[in-house]
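Chains, contacts and geometry: an overview
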Amino acid sequence: MIWEAILLALREIRRNVLRSSLTILGIVIGVAAVITMVTLGKGATLQVTSDIAKLGSNMLQVRPGQGFRGPGGTRSTSPPLDPKDAEAIANEISGVVAVAPTASQNLQAIFGNENWSTTVTGTNNAYFQVRNWPLKAGRKFTDAELSAGASVCILGSTVCQELFGGQDPLGALIRLRKLSCKVIGVLESKGQSSFGMDQDDVVLVPLRTFQRRIAGCQDISAIFLSVKEGFSTEKVRLEIERLMRERRRIQPGSEDDFHVRDMQELVSTLTGTTRLLTALLAAVAAVSLLVGGVGIMNIMLVSATERTREIGIRLAIGAREREVLIQFLVEAVVLSLLGGLAGIAFGLGTAAFGSRLLHVPFVFDPAITLIAFLFSGAVGILFGFFPARRAASLNPIDALRHE
Amino acid sequence: MKTNRANPLRPLIEFKQVTRVYGSKQAAVWALAGIDLQIYRGDFVAIMGPSGSGKSTCMNILGCLDRPTTGSYLFHGLEVGALSRDQQALLRRHYLGFVFQGFNLLNRTSALENVELPLIYRRISAKERRRRSQWALELVGLRGWERHTPSELSGGQQQRVAIARAMVTNPLVLLADEPTGNLDTARSQQIMELLCTLNRERGLTIVMVTHEPDIAAYAQRIIRFRDGLIEADGH
Ligand SMILES: Nc1ncnc2c1ncn2[C@@H]1O[C@H](COP(=O)(O)OP(=O)(O)O)[C@@H](O)[C@H]1O
Ligand SMILES: [Mg+2]
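Attention here is on the structure that accompanies the text. (Residues numbered from 1 in each chain as written. Chains lettered and ligands numbered in written order. Predicted model: local features only at pLDDT ≥ 70, side-chain atom pairs only at ≥ 80, totals over all residues. Heavy atoms only, no water.)

Quick word on the pattern of salt bridges
Filter applied, for reference: The rule for a salt bridge is simple: a side-chain nitrogen of Lys or Arg has to be within 4 Å of a carboxyl oxygen of Asp or Glu. The numbering of helices and of strands both runs from the N terminus, where a helix is a DSSP run of H or I of at least 4 residues and a strand a run of E of at least 2.
Here the structure, examined in full by the defined rule, presents 30 salt bridges over all chains. Residue Asp233 of chain B is joined to Arg221 of chain B by a salt bridge in which the shortest nitrogen-to-oxygen separation is 3.0 Å. With a gap of 12 residues between them, Asp233 of chain B in strand S10 (residues 229-234) and Arg221 of chain B in strand S9 (residues 221-226) connect regions that are remote in the sequence. It is possible to trace a salt-bridge network through shared partners that takes in Arg11, Glu12, Arg15, Arg307, Glu310, Arg314 and Glu331 of chain A together with Glu113, Glu116, Arg129 and Arg130 of chain B.

Focus: the coordination of the magnesium ion (ligand 2)
All names here are of chain B. Our working rule: Coordination here is defined by N, O and S atoms within 2.8 Å of the metal (3.2 Å for Na, K and Ca), and since water is not considered, a site can look incomplete. A 1.4 Å probe rolled over the protein chains alone gives each residue an accessible area, and that area as a share of the maximum for its type sets the label: buried under 20%, exposed over 50%, partly exposed in between.
In the first shell of the magnesium ion (ligand 2), the protein supplies Ser56 (OG) and Gln101 (OE1), at 2.1 to 2.7 Å from the metal. Of this pair, Ser56 sits in helix H1 (residues 55-62) while Gln101 sits in the loop between strand S6 (96-99) and helix H3 (111-120), and the two are 45 residues apart along the sequence. The class for Ser56 is partly exposed, based on a relative accessible area of 26%.

A look at unusual backbone geometry
Residue and element names in this part refer to chain B. A positive phi angle, close to 50°, is found at Gln17, a residue other than glycine. Of note, Gln17 is situated in strand S1 (residues 13-22). Accessibility expressed as a relative area gives 45% for Gln17, which makes it partly exposed.

Considering the interface of chain B and chain A
Where we set the bar: Contacts are residue-level and defined by heavy atoms, with any inter-residue pair within 4.5 Å sufficient. The buried area of a pairing is the accessible area, by a 1.4 Å probe, that goes missing from both parts when the two are put together, added over both. Whenever two N or O atoms come within 3.5 Å, that pair is a polar contact, provided that in protein one can donate a hydrogen and the other can accept it, and provided that, for residues adjacent in sequence, both atoms are side-chain atoms. By the convention adopted, Pro, Cys, Tyr, Trp, Phe, Met, Ile, Leu, Val and Ala count as nonpolar, Lys, Arg, Asp and Glu as charged, and the other residues, Gly among them, as polar.
Facing the 28 residues of chain B at the interface are 28 residues of chain A. Between chain B and chain A, a total of about 2,700 Å² is buried, with carbon and sulfur atoms accounting for 46% of that surface. Among the residues chain B hides against chain A, the three largest losses belong to Arg85, Arg108 and Tyr121 of chain B. Together they make up 24% of the total. The interface formed by chain B and chain A contains eight salt bridges. One salt bridge in this structure joins Glu323 of chain A and Arg93 of chain B, with 2.4 Å as the shortest N-O distance. Counting across the chain B and chain A interface gives 19 residue pairs in polar contact (both at pLDDT 80 or more). Counting residues per element, the ones that place at least two in the side of chain B that touches chain A are helix H2 (85-95) and H3 of chain B. Counting residues per element, the side of chain B that touches chain A draws most heavily on H2 of chain B, at six residues. By residue class, the composition of the side of chain B that touches chain A is 12 nonpolar, four polar and 12 charged.

What to know about the pairing of strand S4 (residues 70-75) of chain B
All names here are of chain B. In plain terms, the rule: The pairing criterion for strands is at least two bridges between them, as found by DSSP.
Of the strand pairs in this sheet, S1 and S4 are connected by five bridges, and their pairing is antiparallel. Counterpart to Ile13 in the pairing with S4 is Phe75. The hairpin turn running from S4 into strand S5 (residues 78-79), its antiparallel successor, is two residues long, and His76 in that turn takes a positive phi close to 55°.

Things to note about the packing of aromatic side chains
All names here are of chain B. Cut-off, in case you're wondering: Two rings from Phe, Tyr or Trp (for Trp, the six-membered ring) form a pair when their centres sit within 6.5 Å of each other. Planes less than 30 degrees apart are called stacked, planes more than 60 degrees apart edge-to-face, and all others tilted.
On inspection of all chains with the given rule, the structure shows eight aromatic pairs over all chains. Here the aromatic rings of Phe15 and Tyr73 are separated by 5.2 Å at their centres, their planes lie at 70°, and the arrangement is edge-to-face. Linking Phe15 in strand S1 with Tyr73 in strand S4, this pair joins segments that are 58 residues apart in sequence. Summarising the burial analysis for this pair, Phe15 and Tyr73 share the class buried.

So, the sheet that holds S4 of chain B
All names here are of chain B. How we decide: Note on geometry: axes are lines fitted to C-alpha atoms, helical ones only across the stretch in contact, with angles between N-to-C directions running from 0 to 180 degrees.
A sheet is described by the order of its strands in space; here four strands give the open sequence S2-S1-S4-S5, paired in antiparallel fashion. Of all the strands in the sheet, just strand S2 (29-39) and S5 have a single pairing partner and so form its edges. Where H1 meets the sheet, its contacts fall on S1, S2 and S4, and the angle it forms with S1 comes to roughly 125°.

Points about the nonpolar core
Applicable threshold: By nonpolar core we mean a set of buried residues, namely Ala, Val, Leu, Ile, Met, Phe, Trp, Tyr and Cys, connected to one another through side-chain atoms within 4.5 Å.
Counting residues in hydrophobic clusters, the biggest one holds 53 residues, and the most contacted among them are Phe15, Leu62, Tyr73 and Phe75 of chain B. Not counting the four nearest positions on each side in its chain, Tyr73 of chain B is found in contact with Ile13, Glu14, Phe15, Ile61, Leu62, Cys64, Leu78, Glu79, Val80 and Gly81 of chain B. Judged by nonpolar contacts, the second largest core, of 42 residues, contains Leu81, Ala86, Leu107 and Cys160 of chain A.

Quick word on the site of ligand 1
Keep this limit in mind: If a single non-hydrogen atom of a residue is within 4 Å of a molecule or strand, that residue counts as near it. Calculation of accessible area relied on Shrake-Rupley with a 1.4 Å probe; when residues are assessed, cover is drawn exclusively from the protein chains displayed.
Ligand 1 sits among Arg401 of chain A together with Tyr22, Val29, Ala31, Pro50, Ser51, Gly52, Ser53, Gly54, Lys55, Ser56 and Thr57 of chain B. One chain alone does not account for the residues near ligand 1; they come from chains A and B. Contact between ligand 1 and Gly54 of chain B: an oxygen atom at 3.2 Å from a main-chain N or O atom of the residue. Lys55 of chain B places a main-chain nitrogen or oxygen 2.9 Å from an oxygen atom of ligand 1. If ligand 1 stood free it would expose 550 Å²; the protein chains cover 63% of that surface. Of all the secondary-structure elements, those providing two or more residues to the shell around ligand 1 are S2 and H1 of chain B. Among the elements that line the shell around ligand 1, the one with the most residues is H1 of chain B, at three residues. Taken together, the residues that form the shell around ligand 1 break down as four nonpolar, six polar and two charged.

Thoughts on the environment of Leu119 of chain B
Mapping Leu119 of chain B onto the fold places it in helix H3. Those residues in contact with Leu119 of chain B that lie beyond four places of it in its chain are Ile124, Arg129, Arg132, Ser133, Val168 and Thr169 of chain B.

A look at the packing of helix H10 (residues 304-316) of chain A against helix H12 (residues 366-392) of chain A
Residue and element names in this part refer to chain A. Where we set the bar: Reported orientations rely on four angle classes, namely roughly parallel under 35 degrees, roughly antiparallel over 145, roughly perpendicular from 65 to 115, and oblique for the rest. For any helix crossing, the convention is left-handed if the near helix is rotated counterclockwise from the far helix by under a right angle, and right-handed if that rotation is clockwise.
Between H10 and H12, the shortest axis-to-axis distance is 9 Å and the interhelical angle comes to 45°. Relative to H12, the element H10 is oriented oblique. When the axes of H10 and H12 are compared, the crossing they make is right-handed. Across from Ala304, Thr308, Ile311 and Leu315 in H10, the residues of H12 making contact are Pro387, Ala388, Arg390, Ala391 and Ala392. A per-class count over the contact of H10 with H12 returns seven nonpolar, one polar and one charged.

What follows is the structure, encoded as structure tokens:
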């Protein structure tokens, strides 16, 4: 019986190809849009959180200037950091595991005919630990190289790729401005940061090498450090702030001219942002769902005249109101189901493609899928069913005469 | 449904002072102005009259597609006005076959499927539906046109599909509003022969509206309408 009804509905759907396909299209668009948007949004959120986990959430950064708290951003008048600040932090503050002072400059790296503009960072071996960044090949700096300021470097994977292609870079000499230095290692790829920056576009050299041979000064642009397991990041941060105020002789009442950036803070800011983004995408998707719904509504209302006549014919040859309605309901359900399933397939397909394109993980969200499906289904059924209900309550002859 | 088949003397269809008024107040049109009418089982009745005299209105009420404004319509002794919508639908389904003046076929639907339609509501299996519909289409000379949709058929062919649809259920009463209006003379005569045969051999009761005297001549009884009233009723 129900099978028969479904067969009849399919026949009816095939008979009105244009109307059916427009209705289905409306549902497909709505469902697919919601699924795509939400899936991508969730993927991006996950990406950000895992990126930050990769950064190490127990990492603190000390930088000169006021950071991104004030509207002025980094104040150029703030004095740079000193290598001794790093030593002081390492020696005087408990709960600090590794301290990596860094100094950076953008310049050309040259190998043979290849040259590539990159960031050269001088630091020490603590950097690998703090940034949670292992080597793919080669080795770290030796103590001798660090203290002597030897001409050695470790390449980020982007730089390695750009300069050497598939060749083995270990032992090769590359030129950084006037400094010719030997490649002793290659870093694991970290990929893009959440800000869209390529973290692998970097060359590491011993800090002393950088100071003497590249920058020509002692200035430090940032100190990276790890907080020991079991210590409160917040407490360590406060202690560092006190120590630095003391060292930089900041009067009580004056503002800091440096900042300690806590990754935890970044985590919450970024997840907040991506959550907002997801909400925004969901809103866009909801609009498309609505548009799809309005499309379905239109089709159904436009075809109401024809349907009313059809209902009149059915009533005239002996169909009961109930039978006509069940038939139209089955038809609307079948139509919505077809559209919904196509929408899910299409939406997941687009989402999978989009997530590959945007390099975010593909996160399937069954709840949203179900909601989009039910909503479009409801719209399809509602607007398929209600005009039919009105028509079926007419006298057969009035339904037949309907214009 | 309780029907009184036992008494052949009782009319199958009885109108008592049936009126049908369209509109209201000053704009009121009395399409039927008080009709008394009795039709017996096995009758073959032709309704004639000028256009606008209320023939179609009368047929619609006979076919339970419309209700009288006042008066009573008894079918098999049953007061049709007192029946629920569903009961009226069942009456149409089981006892009546209707051929509309404007055919009223489903668009984009093959002739065969159009003819099948009434059988669907009778819960008849797909195979049996097909067999019976093919038989009905053959009866009206449309063998080979089963797959064609109304837009691919001439007016005459559509009319014959409409007749086949009314016949396919083997109704007790066939109500036909100008069933030969779109047919050429030869076709008209063929259809009338068919109706006569069904009337004679199966006792099919036929009420038919027509303009043409030679078509009306096939009937045993001719009722003439004028201005919503019966002007003449004779054999
Ligand atoms: N739906 C309607 N609304 C208003 N007036 C109608 C309607 N149907 C028929 N009429 C009027 O009722 C009268 C009888 O019409 P009808 O029964 O169609 O006549 P016939 O079939 O004999 O040509 C006509 O005057 C016609 O204008
Ligand atoms: Mg008429």
